[in-house]
2 protein chains.
Amino acid sequence: MDHGRREIEVMANLLSSNDIQAEVNRTHFRKNNCLAINVIGSPGAGKTTLLERTLPHLGLELNVGVIEGDIFTSKDADRIAVHGVPVIQINTGGGCHLDSKMVSKVLPEFDCQATDLMIIENVGNLVCPADFDLGEAFKVIVLSIVEGDDKPSKYPVIFRNAKVVVLNKMDLELLTDVNMETMKHDIRSINPEIEIFEVSCRNGNGLQAWTNWLRHEVEVFKEHKV
Amino acid sequence: MDHGRREIEVMANLLSSNDIQAEVNRTHFRKNNCLAINVIGSPGAGKTTLLERTLPHLGLELNVGVIEGDIFTSKDADRIAVHGVPVIQINTGGGCHLDSKMVSKVLPEFDCQATDLMIIENVGNLVCPADFDLGEAFKVIVLSIVEGDDKPSKYPVIFRNAKVVVLNKMDLELLTDVNMETMKHDIRSINPEIEIFEVSCRNGNGLQAWTNWLRHEVEVFKEHKV
C-alpha cells in the first residue's frame, strides 16, 4: 500500500470526523449564545500574554471562559486562573493541535449559558491547528512581528482561514529588520477581508482598539441569537 | 472503531516506516562521510538567517549542501542559493514536517561524496519535526529568546532529542522579559548533555563559537570514517 496515499486517506477521515464534532460544538455555542474564538500562533507569539492583557479590558462587562491547549504543562492555565475567570486545561500529550473532540469533552465543565465569550487558546503551532475546526465562530491569529515579515506568505493557510490577526511585540519593531508594510500587504493579499491589529502586550499600545473590536464582535453575535 | 486508537496506530505505522528509511539515509551519509544535521525551530526563530550567517564561516574550508524544507514557497532556498552552495527545496505542500522519504528523494541531486556537511532545515514548527528522524547525525534547535523562557519546558520532546540548541536574537535580551538563567536551567533539566550557544545573527555575537563547534563536529565525524 502506498504510504503517502494512506496518510492522505487517514487525514481525510480524521478531518471529516473532526468536522462533524465541530458542528456539534458550534451548535452548542450558538444555542448558549456564547461567542467561541480559536486563538492560533507560533510558540512565543504571545497568545497567553494577549489573553492576560485582554481579560481586564473585558472582564467587568462580559463573562469569559478560557480553554487552554498545551502539549504537556498547565503553565498557561495557571497564568489565566489568577485573573479569576473559569479556565480548563487540555493537555494534548504530545499532540500538535487541539481537535473538536478534545474541546467537546471539557465543555460540560463550563456554564456556557452564562458565558458571553469562550476563548480557546490552541497549541503553539502555526501549521497544524489551521486545519482543525473546533466549532469556533472564527479564528484569531497572534503573530509576533519578531518572527519576520515573510511569515504570512510562508504559512498562508492559517491567514486564509482567520478573521483577524493581532500583530504583537510592536515595541520591538525598530530593533528588528521587519518591514510592516510588506507584512500587512502580504496578509491582505492572502485574505483581503482580514482585520489587522498592531499591539504591544508589553507597553499596552493598541490593546484598546483590539478589545473594543472583540467586544463589538460579541455584541453582534448575541444580536443574531437564534 | 475508536478514532483515537486508530490515529495512534496509524501514527505508529508511519513512524516505523519513517524510521526504516531514516536508517537508509543515515547509512548513505555515513558511507559518503557527510555529516547531516536536522535544524528545527518555530517559525521566525531564525533558522535560515543562522544558515546565512554560518555559511561564510565554513564555506572556505568545508563543502556544504543545504536541503530547505518549506510548506509552500522557495523563499528560504532562494536566500541560501546566493551564497553559492548547492541547495534543494522540498515543499511539503501543507505538511507540517519533513520525513525521511522526502529527504531520500532529493539526495541524488547532491554529490554527497564531495559534501562534508549537509544542513537540512526543517519546516518552521517546534512540535511535529521532533518525532521524525530524517537520518541525520543529530538535531539542532534554533530558539529565538523572544519566544520566552517557558518554551523548553512547554516543548520538551525536541529539547530531549537534540544535541545542541542555538539561542538566537540575544541582541533583544534586555528589551524583553526573558530570564536567560531560567531558560538555560530548564533546557539542562530536560537534557543535561545538550550544548547551548547564545548568538545574535543580527550583530554577529556568538557566531564564531557556534561555527567553531560545528566545524569540530564535522572533523570528529570524519575521523570515525567507516
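Remember, it's a predicted structure, so these values are computed and weren't measured experimentally.

The rules behind the values
Residues numbered from 1 in each chain as written. Chains lettered and ligands numbered in written order. Predicted model: local features only at pLDDT ≥ 70, side-chain atom pairs only at ≥ 80, totals over all residues. Heavy atoms only, no water. Helix = DSSP H or I, 4+ residues; strand = E, 2+ residues; numbered from the N terminus. Rg over C-alpha atoms; globule rule 2.2 N^0.38 Å. Buried < 20%, exposed > 50% of the residue type's maximum accessible area, 1.4 Å probe, protein only. Phe/Tyr/Trp six-rings, centres within 6.5 Å; stacked < 30°, edge-to-face > 60°. Lys NZ or Arg CZ within 6 Å of the ring centre and 35° of its normal. Contact = heavy atoms within 4.5 Å. Least-squares fit on C-alpha atoms with pLDDT ≥ 70 in both. Core = buried A, V, L, I, M, F, W, Y, C linked by side-chain atoms within 4.5 Å. Axes fitted to C-alpha atoms, helices over the stretch in contact; angles between N-to-C directions. Parallel < 35°, antiparallel > 145°, perpendicular 65-115°, else oblique. Left-handed = near helix turned anticlockwise from the far one by under 90°. Nonpolar A, V, L, I, M, F, W, Y, C, P; charged D, E, K, R; others polar. Buried area = accessible area lost by both parts, 1.4 Å probe. Salt bridge = Lys/Arg side-chain N within 4 Å of Asp/Glu carboxyl O. pLDDT = per-residue confidence, 0-100. Polar contact = N/O pair within 3.5 Å; in protein donor to acceptor, adjacent residues only side chain to side chain. Pairing = 2+ DSSP bridges.

(A) Layout of the overall build of chain A. Within chain A, the secondary structure is distributed over 8 helices and 7 strands. Here the C-alpha radius of gyration of chain A, 17 Å, is about what a compact globule of 226 residues would show, namely 17 Å. Projected onto its principal axes, the C-alpha coordinates of chain A cover approximately 50 × 50 × 35 Å. Of all 226 residues assigned to chain A, the portion counted as buried reaches 58%.

(B) Representation of the packing of aromatic side chains. All names here are of chain A. Going through the model one piece at a time under the given rule, you end up with 8 aromatic pairs over all chains. Ring geometry for Trp-210 and Trp-213: centres 6.1 Å apart, planes at 20°, overall stacked. Of this pair, Trp-210 and Trp-213 both sit in helix 8 (residues 207–223), 3 residues apart, which is roughly one turn of the helix. Residue Trp-210 shares its accessibility class with Trp-213, and that shared class is buried. Through a chain of ring-to-ring contacts, the aromatic side chains of Phe-138, Phe-197, Trp-210 and Trp-213 assemble into a single cluster. One residue, Arg-30, lies across the ring of Phe-221, its end atom 3.8 Å from the ring centre.

(C) Highlighting the environment of His-97 of chain B. Looking at the secondary structure, you find His-97 of chain B in the loop between strand 3 (87–91) and helix 4 (100–106). Other than its neighbours up to four places away in sequence, His-97 of chain B contacts Thr-92, Met-102, Asn-122, Val-123, Cys-128, Pro-129 and Phe-132 of chain B.

(D) Structural context of the relation of the copies chain B and chain A. With an axial shift of 0.0 Å and an RMSD of 0.0 Å, the rotation relating chain B to chain A amounts to 180°. Such values leave the two copies arranged in the relation of a two-fold axis. Here 100% of the interface residues in chain B have copies in chain A that are interface residues too; the copies meet face to matching face.

(E) Geometry of the nonpolar core. Ranked by size, the top nonpolar core spans 52 residues in total, and within it Val-165 and Leu-167 of chain A together with Val-165 and Leu-167 of chain B carry the most contacts. Setting aside residues up to four positions removed in sequence, Val-165 of chain A forms contacts with Ile-141, Leu-143, Phe-159, Ile-187, Ile-194, Glu-195, Ile-196 and Phe-197 of chain A. In this structure, Leu-35, Ala-45, Leu-117 and Phe-221 of chain B belong to the second largest nonpolar core, which totals 31 residues.

(F) Here's a closer look at the packing of helix 2 (residues 47–58) of chain B against helix 8 (residues 207–223) of chain B. All names here are of chain B. At a closest axis distance of 10 Å, the pairing of helix 2 and helix 8 adopts a crossing angle of 65°. It follows that helix 2 is roughly perpendicular to helix 8 by the angle criterion. With respect to the hand of their crossing, helix 2 and helix 8 are arranged in right-handed fashion. Residues Leu-50, Arg-53, Thr-54, His-57 and Leu-58 of helix 2 form the contact with helix 8, whose participating residues are Leu-207, Gln-208, Trp-210, Thr-211, Leu-214 and Arg-215. In the contact of helix 2 with helix 8, the residues fall into 5 nonpolar, 4 polar and 2 charged.

(G) Representation of the interface of chain B and chain A in the model. Between chain B and chain A, the residue contacts involve 43 residues of the former and 43 residues of the latter. Both sides of the chain B and chain A interface together cover about 3700 Å² of buried area, and 56% of this is carbon and sulfur. Taken together, chain B and chain A are joined by 6 salt bridges. Put simply, Lys-154 of chain A and Asp-70 of chain B hold a salt bridge, and the shortest N to O gap is 3.8 Å.

(H) Summary view of the confidence of the model for chain A. Per-residue confidence for chain A gives a mean pLDDT of 93, with 93% of residues at or over 70. Scored as a complex, the prediction yields pTM 0.92 and ipTM 0.89.

(I) Layout of the side chain of Glu-136 of chain B. All names here are of chain B. Examined against the element boundaries, Glu-136 turns out to sit in the loop between strand 4 (117–121) and strand 5 (138–144). Separated by 2.8 Å, the side chain of Glu-136 and the backbone nitrogen of Leu-134 make a polar contact. Those residues in contact with Glu-136, other than ones at most four positions away along the chain, are Arg-26, Ala-36, Ile-37 and Asn-38.

(J) Focus on unusual backbone geometry. The backbone phi angle of Lys-169 of chain A is positive, close to 65°, even though this residue is not glycine. As for its placement among the helices and strands, Lys-169 of chain A is situated in the loop between strand 6 (164–168) and helix 7 (180–190).

(K) Region of interest: the sheet that holds strand 4 (residues 117–121) of chain A. Residue and element names in this part refer to chain A. With parallel pairing, the 7 strands of this open sheet are ordered in space as 3-2-4-1-5-6-7. Bordering the open sheet on either side are strand 3 (87–91) and strand 7 (195–198), each of which pairs with just one other strand. The average undirected angle you get between the axes of adjacent strands in this sheet is 20°. Pairing of strand 1 (residues 35–40) with strand 5 (residues 138–144), which is carried by 4 bridges, proceeds in the parallel orientation. Residue Ile-37 lies in a different strand from strand 5, and its bridge partner there is Phe-138.

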